[in-house]
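Residue-level structure breakdown
Here is how the chains run, residue by residue.
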Amino acid sequence: LIVTDTSPHYEYREELEKAVHRSDVVVVCYTCGDAKSLARVGTYWLPELRHMGGGAGGATATAAAAAAENNDKPVLLVGCKEDKIDLQENQSAATATNKLNLGDEDGADEGAGAMEGERDDEGSAYAMEQQLSLLIDQWKEVEVCLQCSAKRLSNVVEVFSHAQKAVLHPTGP
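Residues numbered from 1 in each chain as written. Predicted model: local features only at pLDDT ≥ 70, side-chain atom pairs only at ≥ 80, totals over all residues. Heavy atoms only, no water.

Comments concerning the packing of helix H1 (residues 13–22) against helix H2 (residues 35–52)
With their axes 10 Å apart at the nearest point, H1 and H2 run at an angle of 70° to one another. Between H1 and H2, the interaxial angle falls into the category roughly perpendicular. Taken together, the residues of H2 that come into contact with H1 (itself represented by Arg13, Leu16, Glu17, Val20 and His21) are Trp45, Glu48, Leu49, His51 and Met52. Class assignment of the residues belonging to the contact of H1 with H2 gives a composition of 5 nonpolar, 2 polar and 3 charged. (Axes fitted to C-alpha atoms, helices over the stretch in contact; angles between N-to-C directions. Helix = DSSP H or I, 4+ residues; strand = E, 2+ residues; numbered from the N terminus. Parallel < 35°, antiparallel > 145°, perpendicular 65-115°, else oblique. Contact = heavy atoms within 4.5 Å. Nonpolar A, V, L, I, M, F, W, Y, C, P; charged D, E, K, R; others polar.)

Structure representation (C-alpha cells):
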C-alpha cells in the first residue's frame, strides 16, 4: 500500500496527476464541520479527478474516454478532525446549559437564544449531510463516505480498510 499526500497548489499539478495515475484508489479528505472544505470537494477535487482520469461517473464523453483510458479509480470521501465536531457540540451544550441556569428573565431569554443557536448548529450538520448526499448521488465514483479522527484514533483503520475493499471488491461498473 502506497499512501501519497499531495498539494492542491497548481505548481504541483503534475505530481498530483502522476499520483492519481499510479493509485488504485483515491481518498479525498475534507474537514468535518467545515462547509467550505466540503464544498471544495464537489467544486474542485472531484471535477479535477474526473479530468485527470481518476473517476468517470457521469463525465462528458471526452473526459469519460480519458478516464476509461486511465482506469477509473474508486473514491473515498473522508471527513477528518471528527474530534473537533464533538468538541464544538460539547461546548455548545455547555454554553446553553450555563445560560439556562442563570435563572433570571434575561438569562431565560439568553437561554432561549442559545437553544436556537443549537438548532442552527444541528441545521448546519444537517446541511452538511445533505451536501454529502448530493455529492454521493452526483459523483458515482464515490464508493464510501466516512469520518475519522487521527487525534482520537477513531475510524482511521476503517479508512484504510474501506480503501482496500474498494480495490479488492469494487462496487462500481
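Moving on from the model shown.
Focus on the nonpolar core
Ranked by internal contacts, the top residues of the largest apolar core, which has 18 residues, are Val28, Val41, Leu46, Leu49, Val75, Leu77 and Leu135. Contributing elements (two or more residues each) for this core: H1, strand E1 (26–31), H2, strand E2 (75–80) and helix H5 (105–138). With 6 residues, H2 is the largest single contributor of residues to this core. Counting residues in hydrophobic clusters, the runner-up holds 8 residues, among them Val25, Leu76, Val159 and Ala163. (Core = buried A, V, L, I, M, F, W, Y, C linked by side-chain atoms within 4.5 Å. Buried < 20%, exposed > 50% of the residue type's maximum accessible area, 1.4 Å probe, protein only.)

Considerations on the sheet that holds strand E3 (residues 142–147)
With respect to topology, 3 strands assemble into an open sheet ordered E1-E2-E3, the strand pairing being parallel. Two strands close off the open sheet at either side, each with one partner strand: E1 and E3. For this sheet, the mean inter-axis angle between neighbouring strands, taken without regard to orientation, is 20°. Against the sheet, H2 contacts E1, E2 and E3, and its axis sits at roughly 155° relative to E1. (Pairing = 2+ DSSP bridges.)

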